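Spelled out, the chains give:
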Amino acid sequence: MARVREWLKLPYGRKLKKLHAWNAWIVLLLAVSGIVLYAPFMRGVLQEGRVWLKQVHIYLGIASIVVLLLYVPLIAKHLKQLVGKRAQQWNLGIVLIILLGWSLSGLVLWQFRHLPTHWANAALFFHDLFTWVGVPYAVYHSISRSRWIKQDEAREKQAAARAQRELQKRPADGEPERPTAAFDYDAYRRKMTRRTFVRLSIAGLMAAVIGPSFYRWMKAASDTGGSALDNIAAADGNRMLPPPTPLAESAQVVGGGAKGNFRIYTVTKIPSFSSDNWHFDIGGLVDQPQKWTWEQFLALPRKVQVSDFHCVTGWSVYKCTWEGIPLSELLKLAGVQPKAKYVKFYSGDGEYTDALSLEQAHMDDVLVAVMLDGKPLPQDLGGPVRLVVPKMYAYKSVKWLQAIELIEKSHIGYWEVRGYDNDAWV
Ligand SMILES: Nc1nc2c(c(=O)[nH]1)N[C@H]1C(S)=C(S)[C@@H](COP(=O)(O)O)O[C@H]1N2
Ligand SMILES: [Mo]
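For the structure given in this document, a descriptive report is provided here.

Cut-offs applied
Residues numbered from 1 in each chain as written. Chains lettered and ligands numbered in written order. Predicted model: local features only at pLDDT ≥ 70, side-chain atom pairs only at ≥ 80, totals over all residues. Heavy atoms only, no water. Phe/Tyr/Trp six-rings, centres within 6.5 Å; stacked < 30°, edge-to-face > 60°. Helix = DSSP H or I, 4+ residues; strand = E, 2+ residues; numbered from the N terminus. Buried < 20%, exposed > 50% of the residue type's maximum accessible area, 1.4 Å probe, protein only. Near = heavy atom within 4 Å. Polar contact = N/O pair within 3.5 Å; in protein donor to acceptor, adjacent residues only side chain to side chain. Areas by Shrake-Rupley, 256 points an atom, 1.4 Å probe, with all protein chains shown as cover. 1 Å grid on protein atoms, 1.4 Å probe; cavity = no way out; pocket = protein on both sides within 12 Å on 5 of 7 lines; lining within 4 Å. Sits in = over half its atoms within 2 Å of the grid points. Core = buried A, V, L, I, M, F, W, Y, C linked by side-chain atoms within 4.5 Å. Contact = heavy atoms within 4.5 Å. Salt bridge = Lys/Arg side-chain N within 4 Å of Asp/Glu carboxyl O. Patch = residues over 30% accessible without salt bridge, like charges linked within 9 Å, V, L, I, M, F, W, Y side chains within 5 Å. Points joined across faces, edges and corners; volume = space filled by probe spheres on them. Nonpolar A, V, L, I, M, F, W, Y, C, P; charged D, E, K, R; others polar.

**A word on the packing of aromatic side chains**
Each pair of aromatic rings is reported with the distance of its centres and the angle of its planes.
Stage number 1. Under the counting rule described, the total for this entry stands at 23 aromatic pairs.
Stage number 2. Note on Trp-132 and Phe-214: the rings are 5.4 Å apart at their centroids and 55° apart in plane angle, and the pair reads as tilted. Placement of Trp-132 in helix H7 (residues 117-144) and of Phe-214 in helix H9 (residues 185-222) is noted, with a sequence separation of 82 residues between them.
Stage number 3. The exposure class of Trp-132 is buried, given its relative accessible area of 17%.

In structure tokens form, the structure reads like this:
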């Protein structure tokens, strides 16, 4: 606040410079925090830091919007200053579009729980897109306009102009021809081509580094018809034999195929399983503890349901056709004792857990799923068996589900310990 008051007293030129500097720093910090938040492999590393970092990212985002607002009253004068300066006009336009795109999509993501569900998905897409374009642009901008290139350039231009003036100066009458220090135009041109070459190299290097992941992101973002799901299924590292045979509704994919893309999340290395040693257990406060092998588990009656899948970070996948065993049926088989109040879920990754109250666990769409869109649930998406709780955010949908325990006291799940809301209702 004090800084803003100080800033208000500055003359126009210094005001603009200050805003530019603030903006550069904030964008740098936003980019770093944003990329760390986005990178899937960082989710395990960060743990509780993730919730905290997201809050920091949001505050930085608000700060960047403030800087943008401070710029508004200066726009008219700035534009006048840029008349005739094509490159700078373009730069300003691009920067403003990127900053606006980031701000608007960021605001929606920040407040998405109060907005229609489809907004979050769109906002996430644009937030990502502006980042794919904006961060490389910012990097390029700061390298190619860095002081050493600028000063070098300015020096060269001055030298050229001086040489030009010298050449045009006619020697006065009677005066002997003055030897002019000839300006080496060839060297100058070589230098300029070298500089263009350096710039192109920077751009090329960045494209090489960013290109592949950008391509993957584009493919995933543009795919709404499940081909991403096919690829994930094809790369499945689980060896679960025999594979489950889909029910008719599942084989026909009654939901029409999942719309949208799962972002694959894990807090551990993605585990793989084999039917040789996989088993599914129910224990704790039950009359008949259960232990099923894969074949026994597949013999339990399943049902098919179509439901949406919402992650609390803003992305959703619509119309998933899940096939699995209703959790309530498994609980019935084990016989829940009256003392039991909560159902605790253990992931086969050895790390992740979550819990539901008994009442929540009995909602009729809570499914222990083995298939998605008529295919065995692949490893990346939590296969061979995952929990699906459509009415709650997906951190309740434990992947690689392998054990269930009936308990008396509540249990705080993996992400809830690290700051996610215990109330996960969508
Ligand atoms: N074992 C385990 N289950 C998990 C998670 C996890 O990291 N590990 N992430 C949760 C979160 S936050 C989400 S959004 C979904 C993501 O499911 P997906 O990786 O199949 O897209 O899984 C949930 N279940
Ligand atoms: Mo999530």
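Next comes the rest of the write-up.
**Re the site of ligand 1**
Stage number 1. Near ligand 1, the surroundings consist of 22 residues, among which Arg-263, Tyr-265, Arg-386, Ser-397 and Lys-399 are the closest.
Stage number 2. Separating an oxygen atom of ligand 1 from a backbone N or O atom of Val-267 is a distance of 3.4 Å.
Stage number 3. Asp-349 places a side-chain nitrogen or oxygen 3.1 Å from a nitrogen atom of ligand 1.
Stage number 4. A total of 530 Å² of accessible area belongs to ligand 1 in isolation, and the protein chains cover 100% of it.
Stage number 5. Its atoms largely coinciding with the cavity grid, ligand 1 occupies the largest cavity.

**Structural notes on the nonpolar core**
Stage number 1. Judged by nonpolar contacts, the single largest core of 48 residues is most densely connected at Phe-280, Ile-282, Phe-297, Phe-345, Val-368, Val-385 and Leu-406.
Stage number 2. Of all elements in the fold, only strand S1 (279-284), helix H12 (294-298), helix H13 (327-334), strand S5 (342-347), helix H14 (358-361), strand S7 (367-372), strand S10 (401-407) and helix H15 (414-417) reach the threshold of two or more residues within this core.
Stage number 3. Examining the composition of this core, we find that 4 residues originate from one element, H13, more than from any other.
Stage number 4. Apart from residues lying up to four places away in sequence, Phe-345 is in contact with Leu-327, Tyr-352, Thr-353, Asp-354, Ala-355, Leu-356, Leu-387, Val-398, Leu-401, Ala-403 and Ile-404.

**Details of the pattern of salt bridges**
Stage number 1. For the coordinates displayed, the defined rule picks out 9 salt bridges.
Stage number 2. The salt bridge involving Asp-421 is made with Arg-113; its shortest N-O contact spans 3.8 Å. Of this pair, Asp-421 sits in the segment after H15 while Arg-113 sits in the loop between helix H6 (86-110) and H7; the two residues are 308 residues apart in sequence, bridging distant segments of the chain.
Stage number 3. Overall, Arg-113 belongs to the partly exposed group, its relative accessible area being 37%.

**Here we look at a nonpolar patch on the surface**
Stage number 1. Taken together, Tyr-59, Ile-62, Val-66, Leu-100, Leu-104, Leu-107 and Trp-110 make up a surface patch of nonpolar side chains, about 650 Å² in accessible area.
Stage number 2. Among the elements of the structure, helix H4 (49-71) and H6 are those that each provide at least two residues to the nonpolar patch.
Stage number 3. A per-element tally of the nonpolar patch places H6 first, with 4 residues.

**Thoughts on the layout of surface pockets**
Stage number 1. Put simply, the second largest pocket is a space of about 1400 Å³.
Stage number 2. Lining the second largest pocket are 38 residues; nearest its centre among them are His-20, Ala-21, Ala-24, Asn-91 and His-141.
Stage number 3. The set of elements that each furnish at least two residues to the lining of the second largest pocket consists of helix H2 (12-38), H4, helix H5 (75-81), H6, H7 and helix H8 (147-168).
Stage number 4. Here the element with the most residues in the lining of the second largest pocket is H2; it accounts for 12 residues.
Stage number 5. Class assignment for the residues of the lining of the second largest pocket results in 22 nonpolar, 12 polar and 4 charged.

Function cannot be read off these values alone, since they describe shape.
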